[in-house]
Amino acid sequence: MDIFKFSDELRYGELHLKSNPDIGLHAIVAIHNLKFGPAIGGTRFIEYDSTDDALFDAMRLARGMTYKAAISGLPHGGGKAVVIRPKGLTEEQREQIFSEFGAFVGSLNGNYITCEDSGTRVSDMNVVKSQTDHVLGYDPDSGSSGDPSPLTALGVRRGIEAAAKFRWDRDDLQDLKVAIQGVGHVGYYLAKELHNLGASLIVTDINDAAIQRCVTEFGAESVAPDAIYGVECDIFAPCALGAVINDKTLPQLKCDIVAGASNNQLLETRHGAILHERNILYAPDYAINAGGLINVAQEFAGYDADIVQEKVGAIFDTMLNIFERSASENTQTDIVADRIVDEMLYN
Ligand code: NAD
């Protein structure tokens, strides 16, 4: 990979690397943008086939964090860390790696604030915390923000309410049919929120127990995983996987709105264009699923659950603004969201 070519394409920013062959540490901190404040984003700890893959992942994800933080009005830029997980990792080595990684984060003078992400756990963040204060979500028992999923679900619900307002001028979700793909952490809490507002639910999952919980608690109907795309419904809420809006699924959709928690729902930008052409209102994923980030970022400013509720609730206004601009500019919503952030960052 030509790193400077790629970093120019993504409008970077900074890249920091740290290695220590004695303990198998290979860490990358990508700081995409600092215009609105210190960069925030989790640390990914997974195996990679190559250093290029790890760099690509860190850089792409950090840019995504810039857009998510900016569209949510947070006083933060976007960053991401990748620590390449060594094969045959031992617990002792894990602790050494996160200790030295913590010192590495500390050496960046607060320009990057880390938290959990794929492959990391709270105990890793506790080790990071022993080396630097620039870590969030490190200990749920001592006043940190805890599980982000309920707040992510609340934000998705507010985004769905904005979509219903825009599409049908409705102030309620009573009797709307919502098909939820994946009722794990976020999907379950979303089902609960929507059920409490009178929506009727169709759910799917590859985990039968997760489905059963929604059937029992919320009277949800269930369908097989592959059948969820073709369900007749008002709203399709992807809460399991990325890339679910693609050439195979688009012809099956029988909904008016796509709004869910999953990251990177569109396989390609052109799939957002097809939704737009078909008059299916798409809630851009990084804007609607920012509740978890808003929650953890609040730790930095001094955690206050009421402020978090208010800020996550404001996802309603963010989404409505995107929908209205999309209509007035006749442009797909995901491009409008990017445009809003680009104007904030680069004008
Ligand atoms: P999760 O793993 O707890 O839940 C995902 C659920 O989807 C699981 O129950 C899983 O069994 C199910 N699933 C997997 N493959 C499936 C398939 N083919 N069909 C149907 N169901 C399937 O994850 P989560 O934390 O609830 O996150 C869900 C999505 O939201 C992910 O894409 C995640 O990146 C995104 N997200 C989550 C948060 C958060 O706060 N947890 C924040 C932002 C974005």
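The rules behind each value
Residues numbered from 1 in each chain as written. Predicted model: local features only at pLDDT ≥ 70, side-chain atom pairs only at ≥ 80, totals over all residues. Heavy atoms only, no water. Buried < 20%, exposed > 50% of the residue type's maximum accessible area, 1.4 Å probe, protein only. Helix = DSSP H or I, 4+ residues; strand = E, 2+ residues; numbered from the N terminus. Contact = heavy atoms within 4.5 Å. Phe/Tyr/Trp six-rings, centres within 6.5 Å; stacked < 30°, edge-to-face > 60°. Pairing = 2+ DSSP bridges. Axes fitted to C-alpha atoms, helices over the stretch in contact; angles between N-to-C directions. Near = heavy atom within 4 Å. Polar contact = N/O pair within 3.5 Å; in protein donor to acceptor, adjacent residues only side chain to side chain. Areas by Shrake-Rupley, 256 points an atom, 1.4 Å probe, with all protein chains shown as cover. Expected span 1.5 Å × (residues − 1). Salt bridge = Lys/Arg side-chain N within 4 Å of Asp/Glu carboxyl O. Domains from an automatic or database assignment. Buried area = accessible area lost by both parts, 1.4 Å probe.

Considerations on helix α10 (residues 291-301)
Count 3.6 residues to each turn of an α-helix, and residues three or four apart come out pointing the same way.
Then, number 1: Burial analysis of α10 places nine of its 11 residues in the buried class, the great majority of the element.
Then, number 2: Within α10 the residues assigned to the buried category are G291, G292, L293, I294, N295, V296, A297, Q298 and E299.
Then, number 3: On its buried face, α10 sits against β3 (39-40), α2 (51-71), α5 (149-168), α11 (305-313) and α12 (315-329).
Then, number 4: G302 sits one or two positions beyond α10 and adopts a positive phi of about 105 degrees.

What about the packing of aromatic side chains?
One pair of aromatic rings is described through two measures. These are the centre distance and the angle between the planes.
Then, number 1: The full count for this structure, using the stated rule, is nine aromatic pairs.
Then, number 2: With a centroid separation of 5.2 Å and 20 degrees between ring planes, the pair formed by F6 and F56 is classed as stacked. With F6 in helix α1 (residues 3-9) and F56 in helix α2, this residue pair connects regions lying 50 residues apart in the sequence.
Then, number 3: You can call F6 buried: its relative accessible area is 12%.

Focus: the sheet that holds strand β9 (residues 221-222)
Then, number 1: Taking strand neighbours across the sheet as the criterion, the six strands line up as β9-β8-β7-β10-β11-β12 in an open arrangement whose pairing is parallel. Looking at strand neighbours, the two that pair on one side only are β9 and β12 (281-282), the edges of this open sheet.
Then, number 2: As paired strands, strand β11 (residues 257-258) and β12 are joined by two bridges and run parallel to one another. Note on β12: the bridge partner recorded for V258 is Y282.
Then, number 3: Relative to the sheet, helix α6 (residues 185-196) contacts β7 (177-181), β8 (200-204) and β10 (235-238), its axis offset from that of β7 by approximately 170 degrees.
Then, number 4: Contacts between helix α7 (residues 208-218) and the sheet are confined to β8 and β9, with β8 contributing the most and set at about 165 degrees to the helix.

Examining the site of the ligand
Then, number 1: Close contacts around the ligand come from 18 residues, with T152, H185, V186, D205 and N263 the closest.
Then, number 2: N263 has a polar side-chain atom sitting 3.0 Å from an oxygen atom of the ligand.
Then, number 3: Burial of the ligand by the protein amounts to 72% of the accessible area it has alone, namely 820 Å².
Then, number 4: Going through the elements one at a time, α5 and α6 are the ones with two or more residues in the shell around the ligand.

Some points on the side chain of D57
Then, number 1: With respect to the helices and strands, D57 occurs in helix α2.
Then, number 2: Residue classification places D57 among the buried positions, given a relative accessible area of 9%.
Then, number 3: What D57 contacts, discounting residues up to four positions off in sequence, is R44, I46 and Y48.

Brief notes about helix α3 (residues 91-106)
Then, number 1: Under the 1.5 Å per step criterion, the end-to-end length of α3 is 22 Å for 16 residues, consistent within 8% with the ideal 22 Å.
Then, number 2: Buried within α3 we find Q93, R94, I97, F98, F101, G102, F104 and V105.
Then, number 3: Residues of α3 that are buried sit in contact with β1 (14-20), β2 (25-33), β4 (43-44), β5 (77-83), β6 (112-113) and α4 (122-129).

Quick word on the pattern of salt bridges
Then, number 1: Per the counting criterion, the structure on display carries 19 salt bridges.
Then, number 2: Residue D117 is joined to R44 by a salt bridge in which the shortest nitrogen-to-oxygen separation is 3.0 Å. In this pair, D117 sits in the loop between β6 and α4 while R44 sits in strand β4, placing the two residues 73 residues apart along the sequence.
Then, number 3: Overlapping salt bridges, with partners in common, bring together R44, D57, R60, K80 and D117 in one network.

Concerning the domain arrangement of the chain
Then, number 1: Domain annotation for the chain reports domain 1 (3-66 + 76-142) and domain 2 (149-346).
Then, number 2: Once you take the C-alpha centre of each, domain 1 and domain 2 turn out to be 28 Å apart.
Then, number 3: Each partner contributes residues to the interface: domain 1 has 14 residues there, and domain 2 has nine residues.
Then, number 4: Taking both partners together, domain 1 and domain 2 bury about 1,200 Å²; carbon and sulfur atoms supply 69% of that area.
Then, number 5: The three residues of domain 1 that bury the most area against domain 2 are R11, F36 and L136, which together make up 34% of that side's buried surface.

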